[in-house]
Amino acid sequence: MQSVTGGDLLLAFDGAGLLKSIRRAGSGHQFMAEGADTSPWRLVLRDEAGHSRTVTARDARACRIEREGAELRFTWQEIAGADGIAVHVSLAPAEDGLAWRLAVDGLHGSAALWQADFPLLEGLGSIGEGNDERVLLPMRGGYVVRNAAGARLSPLEEGAASFFYPCDLTMQFVARYCEGGDGLMVMAQDAAGYTKRFSLRRVEAAGRGWSLAVEHFPEGMPQAAGRYSPSYAVVLTAFSGDWMDVAARYRAWATGQSWCARGPLHARGDIPAWLLENGLWVWNRGPSDKVLPGVRRVREMVAAPVALDWYWWHATPYDTHFPDYLPPREGAETFRQAVDGLHADRLRAMVYINGRLWGTSASSWRARGAEDAACKRESGDIYREVYNIFDPGQGEMTPMCPATSAWQATIRDLVDELLGRYRLDGVYLDQIAHTALELCHAPDHGHPTGGGNHWCSGYRTLMEGVRRARDAHPSAQRDAILPTEGSCEAYLDLFDAFLVLDNSFERMGFYDRVDLHWESVPLFAAVYHDYALQFGSYASLAPPPYDDLWPQPQGPVRSQRFHETDFADAFYAELGRAFVAGAQPMVSNVYLSELDDPALQDHWCFLREVVHARLHAAPFLVYGAWQRPPPLDVPEVEIDFLVRGIYTPPEGEHVIRRRLPAIMASSWAAPDGMLGLALANISPDSHPIALRVEDAFAGQPVHLIDGRGRIPFGHVANDGSAFEGAIPGRSVRVIEVGGIHG
């Protein structure tokens, strides 16, 4: 047996290079099932006829194992089904784990590499019981999957999760752990955005348990010559704790990468000040006569800076004929006057475009030869996506290859015209940091086919061109913002803000595709909050609209069985989640009918308090770095969410119920070292809390921040007691420890 140690992790291999044991040294926990012995790698090879076969270390007749210092090296040769190929693996201590590296030599036409799964960890055993056995996925803002042995693991498969990076996953890791106990984290340390896929499976075969793999795709799939060796390591780490411990480990590496090179938000000068100081986003859809009255009234109501995220402003029906947006559906002059009117009322506005899709029914599809720049399957066909259930005949769209100059110029020129001709304050580019990449096999796009990092580098080139075009405008347009959907780390330095809607995924139907074992957590914020500005929720007190340019419906597009105003608890929960995650708040579908309704005024007052409390607490909720919040002894409350989005048919509308803590909490360190505990009481009842901090804060002042401002509360006692008191029902507070800001 050969063993290698890194951090708290101890691995053992037999003489054939098969993995026999993954043990956490500190606790003695064995992560592998009893009797397991597995190959640490798997290759998918192809021959000249395109036939695939899979080989592993079990197929090798020879394995050489060498040790150099603390590093262990393996070479497998004489591999059945892979004549002439040698596989090299090294494991070396790194940070608090083991860094794995792979090289495959001798590739040739009859044994060309299509995919390499490495490390391949099969035979993993149970890691906890019931809700304590968990999986952590950096999807969207972040998800903990409780009761991992029984939960659905992805929207597409019951017992498996397979997610691409970049964008299916926003960060490069997955973790399995027992809450408060032992855990195993797999992390790729890739700063260049190479395409990879993290795969986690429950394996039913006796004794095989779980499998976990990172799947890599070579440039020029299949690679038929030379050596394949990813330029980055994959680090395996053992840990104890929960999702916040994983976030802290990942942050230690991640904030040192190039996407954080511009520095934290408080030190950056390239993000427009108005964006950082914005109090509220309003997400409205349609022409100006439908969109603007509600925005103006909200601005009066909250008495704080407000910006409009404007959808359905464009000439064509939504989710059909992208990128044929211009002219605006109400005409260029009317639209420009509407934007100027917003500016006169001290409001900001950005408009929606999609940064990824071209509609195959758009007039420009054939006129501009767009198919040439579309992502291609291996067959040469395009990928096809349909979102619009009301007009599916016109709704087929295809993802474009971001490495092509044609798509780069299309987006750059569109943004340039929107900022220059229409004097907008920003252009929101949908899907770029949210929706999974596609492997592009086009031989004439100027990039290697299949794998590599052309998706990420292509979008980097695209957005660098867009930013240069923006910066070439007069000063007002140089102050325009460029946000996107999602928050993929690889693009942190390219976008000014990131729309994250996990706060509202019950309403939007996400949990119908997984289950309620999935729980959103502010994972991305715990890693990157002080480097990335997030905004968003779909919190609303009105039903979603129907685009006037869609086909005339044959019956009601929304049922009369439900009314959003009967689900106000969800409104508080969604805004409360955003508040404690440090995101700029957003409300959707805002109309005068709801704003003027006397029965809804308490809800709007809560929104106003959220806006002002966050602005008063900006050192924490805009610029702060995540800290572990103290445990709070508060009850849970049941919240009913109405599942009704723009594409939910009337018969599909339903209610789901989730239990949430009555008071949500987060903790933040301001750039000057002060501590802030953010609290959102989403229940109608007040609840007492007690806050204790580290002894080092003894004697420091304590201030209470709410929608009215900051007021002195006292000082930290010698035993660390900082606050004892009741948090009123349906309110937000920030408890500041250590001094007065600003």
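Residues numbered from 1 in each chain as written. Predicted model: local features only at pLDDT ≥ 70, side-chain atom pairs only at ≥ 80, totals over all residues. Heavy atoms only, no water.

Caption draft 1: Quick peek at the overall build of the protein. Looking only at helices and strands, the protein has 14 helices and 41 strands in total. A compact globule built from 742 residues should have a C-alpha radius of gyration of about 27 Å, and the protein, at 27 Å, falls within 12% of that. Taking the principal axes of its C-alpha atoms as reference, the protein extends roughly 80 × 75 × 50 Å. When burial is assessed residue by residue, the protein has 63% of its 742 residues classed as buried. Here the analysis covers contacts within the protein between residues at least 6 apart in sequence; of these, 72% occur between residues at least 24 apart. Accessible surface, the protein: about 25800 Å² in total, of which carbon and sulfur atoms supply 48%. (Helix = DSSP H or I, 4+ residues; strand = E, 2+ residues; numbered from the N terminus. Rg over C-alpha atoms; globule rule 2.2 N^0.38 Å. Buried < 20%, exposed > 50% of the residue type's maximum accessible area, 1.4 Å probe, protein only. Contact = heavy atoms within 4.5 Å. Areas by Shrake-Rupley, 256 points an atom, 1.4 Å probe, with all protein chains shown as cover.)

Caption draft 2: Focus on the sheet that holds strand β39 (residues 709-715). Read across the open sheet, the six strands follow the order β32-β35-β36-β41-β38-β39; overall the sheet is antiparallel. One side of each edge strand has no neighbouring strand; the edge strands of this open sheet are β32 (625-627) and β39. Here the average twist between neighbouring strands, direction ignored, is 30°. Its contacts with the sheet place helix α13 (residues 601-616) against β38 (701-706), β39 and β41 (731-737), and it is angled at close to 15° to β41. (Pairing = 2+ DSSP bridges. Axes fitted to C-alpha atoms, helices over the stretch in contact; angles between N-to-C directions.)

Caption draft 3: Quick peek at the side chain of S21. In this fold, S21 is placed in strand β3 (residues 19-24). Since its relative accessible area comes to 12%, S21 is described here as buried. A polar contact of 2.8 Å, which involves the side chain of S21, links it to the side chain of Q30. In contact with S21, not counting residues within four places along its chain, are L10, L11, A12, Q30 and M32. (Polar contact = N/O pair within 3.5 Å; in protein donor to acceptor, adjacent residues only side chain to side chain.)

Caption draft 4: Geometry of unusual backbone geometry. Cis geometry is adopted by the peptide bond preceding P222, which originates at M221 and carries an omega value of -10°. Residue placement: P222 occurs in the loop between β17 (210-216) and β18 (226-228). Geometrically, the link from F322 to P323 is a cis peptide bond, its omega value of 0° lying close to zero. Here P323 lies in the loop between β21 (306-311) and α4 (332-344). One non-glycine residue, R730, lies in the positive phi region at around 50°. Along the polypeptide, R730 turns up in the loop between β40 (721-727) and β41.

Caption draft 5: How the structure looks around the pattern of salt bridges. Throughout the structure, instances matching the rule amount to 56 salt bridges. Where R467 meets D496, a salt bridge forms, and the shortest distance between an N and an O atom there is 3.9 Å. Residue R467 is found in helix α7 (residues 454-471), and its partner D496 is found in the loop between β27 (484-486) and β28 (498-499); the two are separated by 29 residues along the sequence. As a salt-bridge pair, D496 and R470 come within 3.1 Å of each other at their nearest N and O atoms. Separated by 26 residues along the polypeptide, D496 in the loop between β27 and β28 and R470 in helix α7 bring together distant segments of the chain. Across this residue pair, the class does not change: D496 and R470 are buried. (Salt bridge = Lys/Arg side-chain N within 4 Å of Asp/Glu carboxyl O.)

Caption draft 6: Region of the structure containing helix α11 (residues 568-580). Its 13 residues give α11 an end-to-end C-alpha distance of 19 Å, which sits within 8% of 18 Å, the value for a rise of 1.5 Å per residue. If you check which residues of α11 are buried, you get A568, A570, F571, Y572, A573, E574, L575, G576, R577, A578, F579 and V580. (Expected span 1.5 Å × (residues − 1).)

Caption draft 7: Just the sheet that holds β3, in detail. If you walk across this open sheet you meet the three strands as β1-β2-β3, and the pairing is antiparallel. Bordering the open sheet on either side are β1 (2-6) and β3, each of which pairs with just one other strand. In this sheet, adjacent strand axes meet at a mean angle of 15° when their direction is disregarded. Across five bridges, strand β2 (residues 9-13) lies against β3 in antiparallel orientation. Following the sheet pairing, F13 is matched in β3 by L19.

Caption draft 8: The arrangement of the nonpolar core in detail. By size, the foremost hydrophobic cluster in this structure holds 242 residues, and its most contacted members are L11, W310 and Y491. Among residues more than four places away in sequence, those in contact with Y491 are P166, C167, I432, A433, W455, C456, Y459, R460 and F498. Formed by 17 residues, the second largest nonpolar core is a distinct cluster that contains V634, I689, V693 and I727. (Core = buried A, V, L, I, M, F, W, Y, C linked by side-chain atoms within 4.5 Å.)

Caption draft 9: Structural detail: the packing of helix α3 (residues 288-302) against α4. Across the interface, α3 lies against α4 with an axial gap of 11 Å and an inter-helix angle of 5°. The pairing of α3 with α4 is recorded here as roughly parallel in orientation. Residue-level contacts link S288, L292 and R296 of α3 to A338, G341 and L342 of α4. Its residues assigned to classes, the contact of α3 with α4 comprises three nonpolar, two polar and one charged. (Parallel < 35°, antiparallel > 145°, perpendicular 65-115°, else oblique. Nonpolar A, V, L, I, M, F, W, Y, C, P; charged D, E, K, R; others polar.)

Caption draft 10: View of the environment of R61. Note that R61 resides in strand β6 (residues 60-68). The sequence separation of R61 and A542 amounts to 481 residues, and the corresponding C-alpha distance is 67 Å. With residues near it in sequence (within four places) discarded, R61 still touches Q77, E78 and A80.

Caption draft 11: Quick peek at the environment of F524. Structurally, F524 is set in helix α10 (residues 523-528). Along the chain, F524 and A581 lie 57 residues apart, while their C-alpha atoms are 9.3 Å from each other.

Caption draft 12: Broad picture of α7. The terminal C-alpha atoms of α7 lie 25 Å apart, and with 18 residues this matches the ideal 26 Å at 1.5 Å per residue to within 8%. Residues H454, W455, C456, G458, Y459, L462, M463, G465, V466, R467, A469 and R470 constitute the buried set of α7.

Caption draft 13: Fine view of the packing of aromatic side chains. All chains considered together, the criterion is met by 52 aromatic pairs. An angle of 70° between the planes, with centres 6.2 Å apart, marks the rings of F495 and F498 as edge-to-face. You can call F498 buried: its relative accessible area is 1%. Considering the side-chain rings of F505 and F510, the 5.0 Å spacing of their centres and the 40° angle between planes classify their relative orientation as tilted. In this structure F505 comes out as buried when scored by relative accessible area, which is 9%. Under the relative-accessibility criterion, F510 is labelled buried at 2%. In this structure, R46 is placed above the aromatic ring of W114, and the distance from its NZ or CZ to the ring centre is 3.6 Å. (Phe/Tyr/Trp six-rings, centres within 6.5 Å; stacked < 30°, edge-to-face > 60°. Lys NZ or Arg CZ within 6 Å of the ring centre and 35° of its normal.)

Caption draft 14: Structural view of the state of the cysteines. The final tally for this structure, using the stated rule, is zero disulfides. Between C456, a cysteine without a disulfide, and C488, which holds the nearest cysteine sulfur, the sulfur-to-sulfur distance is 6.9 Å. (Disulfide = S-S within 2.5 Å.)

Caption draft 15: The arrangement of the packing of α11 against α13 in detail. Running from N to C, α11 and α13 cross one another at 0°; their axes reach a closest spacing of 11 Å. Classed by the angle they form, the pair α11 and α13 counts as roughly parallel. Contacts between α11 and α13 pair A568, F571, Y572, L575 and F579 from the former with D602, H603, W604, F606, L607, V610, A613 and R614 from the latter. Here the contact of α11 with α13 is built from residues that sort into ten nonpolar, one polar and two charged.

Caption draft 16: Broad picture of the environment of F713. Checked against the element boundaries, F713 lands in strand β39. Separated by 669 residues in sequence, F713 and V44 have C-alpha atoms that sit 64 Å apart. Discounting chain neighbours no more than four positions away, the residues touching F713 are V702, H703, L704, A722, F723 and E724.

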